[in-house]
Amino acid sequence: MNATLAAVVLSLFSAVAYAAAAVAQERLASRSAGSGTLRLLASGAWWWSVVLNASAALLHVAALKYGTLTLVQPLGALTLVAAVPLGARVAGRRVSVVEWRGTALTLLGLAAVLVTASGPAPADVLSVPQALAVAGTTAVLIGGLSRPGARPGLRHATASGFASGVASALTQTVTVAATDRSDSLLSAQVVVVALLVAAFAAGGLLLSQTAYQGGLGAPLAVVTLANPVAAAAIGLSLLGERLQGGAAGVLLALVGAGVAAWGVVTLSRSAPEPAPLAADLADDDHPVAAVLALEPGSAAYEPSLMPKQPNSGHLTAL
């Protein structure tokens, strides 16, 4: 198996795990709005979603070992594609025509990006000064997006996408630096960048949890789009990554990115007809198990990909 294929397969499994965690987080957030971060951290259900996120993150790290940022990060849009059947299952309905259209557009756009972004396994890494500069710039952006104001869900989602994208770029540096065997695992580069990864990964998780209070659709779409933008910017500007095919390749990548973005927006705006109200979940403490194991029709209708009206409560104050 070549490096590109390994990166794609690992990214696919990672996207499925991230989608399950996102649907579970949205269900928990909608029930816990305004309850505060401490109560959330005391919930076993929330920690189940963290386990899913951690599993997805490990698969993502492995993908970054074999693929460039410009290849792996756009494949994160598969998270939203995977969330479509999961959300439909929870709602006890079938996937709508609009959702199928959005899925097809997203996959078509990603295929174009895949052709141009494929290349050898990554070799360049961020130096400590570069990593600190990226971290400082991103922290300022996140602080600005997290301030009180209108549309907090979308702003928190954008901040979460940036944090996750930067965490992925930094993770690739740690992975490559720690496995090239040319330096110690406890070198300053590995330790400092690993600490930054932990900070941005945790921040991205909490920001996404806050964003999902207003529903899964629009916030997840924004996270999905902001993440590869941040990572690709770092890869192309600091890591020497290049798109295949010269000017034609760049044009194909831009068209593919546009089509994929169109598909993501289509998925986030899909509006299935409400199904008859059914019984509530039998076990509110395990929404992840509910997402993965419920029989159709056993949950109350919750259009998981539909934006809901924002709630005044916040799970975290950043």
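Caption draft 1: Here's a closer look at the overall build of the chain. Counting its regular elements, the chain contains twelve helices and zero strands. Ordering the α and β elements of the chain from the N terminus gives α-α-α-α-α-α-α-α-α-α-α-α. Counting all 318 residues of the chain, 50% fall into the buried class. Nonlocal contacts in the chain, meaning residues at least 24 apart in sequence, comprise 84% of its contacts between residues at least 6 apart.

Caption draft 2: Expanded view of the environment of Ala-260. Relative to the helices and strands, Ala-260 is located in helix H11 (residues 246–269). Sequence-wise, Ala-260 and Leu-108 are 152 residues apart; in three dimensions their C-alpha atoms are separated by 6.9 Å. The contact partners of Ala-260, leaving out residues within four places of it in the chain, are Leu-105, Thr-106, Gly-109 and Leu-110.

Caption draft 3: Representation of the nonpolar core within the structure. Counting residues in hydrophobic clusters, the biggest one holds 32 residues, and the most contacted among them are Leu-69, Ile-142, Val-166, Leu-170, Val-193, Phe-200 and Ile-234. Here this core gets eight residues from one element, more than from any other, and that element is helix H8 (residues 152–179). When neighbours within four sequence positions are excluded, Ile-142 is seen to be in contact with Ala-159, Ala-163, Phe-200 and Leu-207. Residues Ala-21, Ala-83, Leu-86 and Tyr-212 belong to the second largest nonpolar core, which totals 23 residues.

Caption draft 4: Region of interest: the packing of H8 against helix H9 (residues 188–211). Their axes nearest at 7 Å, the elements H8 and H9 cross at an angle of 155°. Between H8 and H9, the interaxial angle falls into the category roughly antiparallel. For H8 against H9, the interelement crossing comes out left-handed. Of the residues belonging to the contact of H8 with H9, the class tally is 18 nonpolar, ten polar and no charged.

Caption draft 5: Here's a closer look at the packing of helix H7 (residues 128–145) against H9. Following both chains from N to C, one finds H7 and H9 inclined at 15°, their axes separated by 10 Å at the closest point. Here H9 runs roughly parallel to H7, going by the angle between their axes. Crossing handedness for the pair H7 and H9: left-handed. Contacts between H7 and H9 involve Val-128, Ala-131, Leu-132, Ala-135, Thr-138, Ala-139 and Ile-142 from the first element and Ala-188, Gln-189, Val-192, Val-193, Leu-196, Phe-200 and Leu-207 from the second. For the contact of H7 with H9, the class distribution of residues is twelve nonpolar, two polar and no charged.

Criteria and thresholds
- Residues numbered from 1 in each chain as written.
- Predicted model: local features only at pLDDT ≥ 70, side-chain atom pairs only at ≥ 80, totals over all residues.
- Heavy atoms only, no water.
- Helix = DSSP H or I, 4+ residues; strand = E, 2+ residues; numbered from the N terminus.
- Buried < 20%, exposed > 50% of the residue type's maximum accessible area, 1.4 Å probe, protein only.
- Contact = heavy atoms within 4.5 Å.
- Core = buried A, V, L, I, M, F, W, Y, C linked by side-chain atoms within 4.5 Å.
- Axes fitted to C-alpha atoms, helices over the stretch in contact; angles between N-to-C directions.
- Parallel < 35°, antiparallel > 145°, perpendicular 65-115°, else oblique.
- Left-handed = near helix turned anticlockwise from the far one by under 90°.
- Nonpolar A, V, L, I, M, F, W, Y, C, P; charged D, E, K, R; others polar.

On their own, these measurements won't tell you what the molecule is for.
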